[in-house]
Amino acid sequence: MSVPDYMQCAEDHQTVLVVVQPVGIVPEDQFFRIYKRIASVSQVSIRDSQRLLIRYRHHYLPENNEWGDFQTHRKVVGLISITTCASAKEWPQTAERFHGQKEVYSSTLYDSRLLVFGLQGDVAEQPRTDVAFYPSFEDCPDVEKRVDDFVGSIFIVLESKRLDRATDKSGDKIPLLCVPFEKKDFVGLDTDSRHYKKRCQGRMRKHVGDLCLQAGMLQDALVHYHMAVELLRGVNDFLWLGAALEGLCSASVIFHYPGGTAGKTVARKPSISQPADAGKRHRPGALTANGISADTSTEIGRAKNCLSPEDIIEKYKEAISYYGKYKNAGVIELEACVKAVRVLAIQKRAREASEFLQNAVYINLGQLSEEEKIQRYSILSELYELIGFHRKSAFFKRVAAMQCVAPTIPEPGWRACYKLLLETLPGYSLSLDPKDFSKGTHRGWAAVQMRLLHELVYASRRMGNPGLSVRHLSFLLQTMLDFLSDQEKKEVTQSLENYTSKCPGGMEVITLPDGLKLPPVPFTKLPIVRSVKLLNLPVSLRPHKVKGLLGQNMSTASPFIYSPIIMHNRGEERCKKIDFQWVQGDVCEVQLMVYNPMPYELRVENMGLLTSGVEFESLPAALSLPAESGLYPVTLVGVPRTAGNITVNGYHTSVFGVNSDCLLEGLPAVKTSGCLVEVIPSLPRLQLSTSLPRSAYTPQPTSKEELSSTVSVQLFNGETQQLTITLENIGSEDIETLELTSKIVSTKEKVFGEFLSWELEEALSHLPLKSGQALTLTVSIKVKLDFSGQENLLQDLNDDGISVTGLPISSPLRQVLKPRPENKTVSSESGKAEYSHIKTLEAVLNFKYSGGAGKVEGYYRELSLGVHVDVEPSVFFTRVNTLPATSTRQCHLLLDIFNPTEHELTVSAKNNQELVLHASECQRMAIQVDKFDFESLPQPDQETARFTNPKQLEEERQHLSICTKRLHHVALNRTHPSLRRHGEASVEGVLNQLVLEHLQLAPLQWDVLVNGKPCDCDVIADCKAGDAVTLEVQLTNRSKNSVGPLALTVVPYQDFQNGVQNYNLEDAVTFIGSNTFYIDTVKPKENSVCVGALLFLYTGDFYLKIKFQDDSAGRELPLAWFTLPSVHIRALATPLQAGA
């Protein structure tokens, strides 16, 4: 016997063997269909107390049948043949074939049956016990019944043989049972010796025990096995002693483990054999007819005859040791090891089971075929798996796989090899799902796992399936990257590129023919992503919600403003909504921090975003990462095409020809601040360009990203610059609304007037602005700063002999002047450097615009332009004073003007000649200006809103008044060839209180008219000598109180221009009426007029002095309120009339 039955188990000793084979040509599917129906009759109850178990085989070597006397369960006692017969003519030939088949097993057969399919007619109607006819394979309802009757007949024969062997008389000669290889050894032995007889007796006892076990008489079998062991041990018949011990073990296993040790799904009934045996135990003389022994009832007892679980294993060891003495009993020894292992597996004694298996490995069975070797290693693998030795099981499974493609095989079975290799994966802690390797530490031996994966790749290639090779090689690179050396990484990636050039790798699930599914392998380590951050849009493109509109993303999940009970989940951080928005149709960015773990440059192609929620157009990128680059920022972009909530689920790459979809939910180590963001409807886009050069300078209070751009310009104080701004619609939506506001960035400098001014009406007339269209807007930049009161400058001017006594008294720096070195001059370079006190003005122009679907939802965009102006001083007013003018409504403003620049400049005022100032030169200029009334300035409501403090309001009104009445259009013209620049110089900020009082009109305004014409300043009133001259004095009360009554006296005099004045003019001037005018009380805002007349008797220049009477009313008011203009009258001669 050379071919072992690895599927045998201890309980197979109680079964009878029935072979089911086809006769002639029978379709394979139909044969196995009938075979399954036959095999379903696995046990048959006999006489309600016994049962017979059947073991079916469709292929059984006749040489194994020769060992039937050694162990009766190896004997073929039944034959069922299946054949097809189309006509009666074929029947004789079919019957002959059946007879020939019976001849093969004739020495052991108890009974046989022939099932004929397809034959009908007279032959089929003849009643025969050993043949059953059926019209077809489908029309055979009583096959199971026929098999049941067939098994019953086998039992009858079995029982008769048992009784025959048991009833042999002691005087009769007992035949010697032999195994095939023993027959030649017993030739010539003395058959009458006591040793020979005991051998025959012991072997027969063991044989009867086998028959009792098959007949379901368990306790009888135990008794016979015990007796056989004693007899055979005495004659040193080790081979049969081993068989008797194995039979004893099998019977004990059947008793202790009625469910079986083979792990079959159909459990055998545990309670059938025991009652039968129990009945036998209590029948005295049940075995009294046995010539081998007298009454054995005293030996029948469960505790005495049945081995304990521990003794079973010891007896198995003893039996196997006896088998090992015989070279030809290798198959018996191997099968006994397998049976013992199955028993130990149930007993959960894995270490002892592994010793049996280790012994089985070294059992020499002679020359085995490659198929037998594969079967042997596969069974060893299954047994090791059964006892929990998974890695050992995987080892033998892999050996079996390698045996499938041994060089001696003409046609290697690569598919079988691949299938067996897949079955070894669990034993080496490997799975085909990369997700199992992303959690916790690595399990298993990486070196062995890599070897196995390489073998899978090679087997896949030899199978002609490059897609499988790519998948396994990708899995190797992804999961074993940390264990690969630099050289191995290079070799694996080169192999992968070679494979993918023929079959690119993808993310589809590969289904094998046996149904096993290979999940996709995304390259999450090529490159390794450490963090994912969704980026906000640039400041100029960020959407803003119109204030007052309810946000659409307000949560209504809870009615409470704050709840302390919040159920946190790690996934929530990844799914929470980010607090900014993306815009439909605009390019959005996601920043990844990636790392290249490879020792060489890594090329990543077609890297893009994986999103859900809205339609998203991903714009893939290609990047090349240096070897072991460290963290490297990569920005992935895309365009959302619809509005809604978008979730960034991951990214996709193409590395070494393998396309990967890497999902963030499978990468717990990736840091992210959220992957859900709202996409609002589309908004227009505005591009800004300016006529002034751009500047990289950033205003300090704001961050650089908050400004779209910044323009920078350098101006002299008082100069005006025009900034032309071009706004172009570069988006797809129309711009429907446009607003422009400005804000001066917080500065310590005081700005006079409007720094930035513009007219927006003309630009708004172009709205809506279509895509591609542009409009222009002019913004005036006008700088007017106060450069007075600078400590360094005042010190320089004072030390250089320039008078600064007229500077404002309020300047705190006037008393904190620093000492100046005596050798320092104004014209020195260091002096000029100290004069260049550049001041800075910064402002932000903010454009708000909207349109399209985003405007409907209440969103707009802002575009900010920073304006940075460096202001240089143009002229300094080092001293300001006033002198009275000839007119009461005017005065002279005296200005000491200093040129701090390095250029020559020209200063000109209205109605004054030009004044040329060289660099660092100071000169005085006198300008005649009109006085003005503070109270007459308008007081708009906005002023009261802006200035809550009355003092501030008064101060602002003063500045406004100065702006309306001050010097206008003082031009600064440089004679330097490259400078032709103009501007205004302002005295704002340098006028002290005294100067302001001189510039203010008196609350009482006096007007004197001669002959109806006003007389003021240097105006000379002409009249005729001898004609009456009307004199009119008008008082306007601009104060807040009533004035009067008043008395005015007119006194004429002549001025000889030499210091002598003549008041004795009674003969030259006479008054028509009184020379005194009386004015009643004049209420505020009212006026009063006094009218008189004079008569000049001679020609000449006369002056009128109007004096107030010294009364109580006049003393209550300041003297300055009663300043009347002087009157100059020139009396001319009357021309003679003709003919007079």
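In the block above lies the structure referred to throughout.
Residues numbered from 1 in each chain as written. Predicted model: local features only at pLDDT ≥ 70, side-chain atom pairs only at ≥ 80, totals over all residues. Heavy atoms only, no water.

Is there a simple way to explain the side chain of His 73 in this structure?
Note on placement: His 73 falls in the loop between helix H2 (62–65) and strand E4 (76–84). In this structure His 73 comes out as buried when scored by relative accessible area, which is 1%. Looking at His 73, its side chain comes within polar contact range of the side chain of Gln 8, at 3.2 Å. When near neighbours in sequence (up to four residues on either side) are disregarded, His 73 contacts Gln 8, Asp 12, His 13, Thr 15, Leu 17, Arg 55, Gln 214 and Lys 339. (Helix = DSSP H or I, 4+ residues; strand = E, 2+ residues; numbered from the N terminus. Buried < 20%, exposed > 50% of the residue type's maximum accessible area, 1.4 Å probe, protein only. Polar contact = N/O pair within 3.5 Å; in protein donor to acceptor, adjacent residues only side chain to side chain. Contact = heavy atoms within 4.5 Å.)

How do you make sense of the sheet that holds strand E36 (residues 1013–1014) when you look at a structure like this?
The pairing of strands in a sheet happens through backbone hydrogen bonds and is either parallel or antiparallel. Spatial strand order, E36-E35-E38-E43-E41: five strands in an open sheet with antiparallel pairing. The open sheet terminates on both sides in strands that have one partner only, identified here as E36 and strand E41 (1069–1072). Bridge count between strand E38 (residues 1028–1037) and strand E43 (residues 1087–1096): nine bridges; the pairing is antiparallel. Bridging from a neighbouring strand, Leu 1031 pairs with Gly 1092 of E43. (Pairing = 2+ DSSP bridges.)

What am I meant to see in the pattern of salt bridges here?
Side chains that carry opposite charge are capable of pairing whenever their charged atoms lie near each other. Enumeration according to the criterion identifies 29 salt bridges in this entry. Among the ionic pairs, Glu 335 bridges to Arg 74, the shortest N-O distance being 2.4 Å. Of this pair, Glu 335 sits in helix H12 (residues 330–347) while Arg 74 sits in the loop between H2 and E4, and the two are 261 residues apart along the sequence. For the pair Glu 335 and Arg 74, a shared accessibility class is recorded, and that class is buried. Salt bridges sharing common partners tie together Glu 182, Arg 199, Arg 203 and Asp 237. (Salt bridge = Lys/Arg side-chain N within 4 Å of Asp/Glu carboxyl O.)

What am I meant to see in the packing of helix H7 (residues 218–234) against helix H8 (residues 238–256) here?
Any two packed helices are characterised by how steeply their axes cross, that is the angle between the axes, and by the distance between the axes. Axis separation between H7 and H8 bottoms out at 9 Å; the angle between their running directions is 155°. Accordingly, the angle class assigned to the pair H7 and H8 is roughly antiparallel. In this structure, H7 meets H8 at a crossing whose hand is left-handed. Residues Leu 218, Gln 219, Leu 222, Tyr 225, His 226, Ala 228, Val 229, Leu 232 and Arg 233 of H7 form the contact with H8, whose participating residues are Trp 240, Leu 241, Ala 244, Leu 245, Gly 247, Leu 248, Ala 251, Ser 252, Ile 254 and Phe 255. Here the contact of H7 with H8 is composed, by residue class, of 14 nonpolar, four polar and one charged. (Axes fitted to C-alpha atoms, helices over the stretch in contact; angles between N-to-C directions. Parallel < 35°, antiparallel > 145°, perpendicular 65-115°, else oblique. Left-handed = near helix turned anticlockwise from the far one by under 90°. Nonpolar A, V, L, I, M, F, W, Y, C, P; charged D, E, K, R; others polar.)

Is there a simple way to explain the side chain of Gln 347 in this structure?
Here Gln 347 shows up in helix H12. At a separation of 3.3 Å, a polar atom in the side chain of Gln 347 contacts the main-chain carbonyl oxygen of Pro 309. Look past the residues within four positions of Gln 347 in its chain and what remains in contact with it is Tyr 257, Pro 309 and Ile 313.

I'm lost on unusual backbone geometry in this one. Help?
Cis geometry is found at the peptide bond from Leu 526 to Pro 527, where omega equals -5°. Of note, Pro 527 is situated in the loop between strand E8 (517–518) and strand E9 (528–534). Residue Ser 429 is not a glycine yet carries a positive backbone phi of 55°. Looking at the secondary structure, you find Ser 429 in the loop between helix H16 (414–424) and helix H17 (446–462).

Before we go on, may I ask you to explain the packing of H12 against helix H13 (residues 350–361) in this structure?
Taken N-terminus to C-terminus, the directions of H12 and H13 make an angle of 165°; their axes are 9 Å apart at the nearest point. Classified by the angle their axes make, H12 and H13 are roughly antiparallel. Like other packed secondary-structure pairs, H12 and H13 cross with a definite hand, here left-handed. On H13, the residues that touch Glu 333, Leu 334, Cys 337, Ala 340, Val 341 and Leu 344 of H12 are Glu 352, Ala 353, Phe 356, Leu 357, Asn 359 and Ala 360. Looking at the contact of H12 with H13, its residues break down into nine nonpolar, one polar and two charged.

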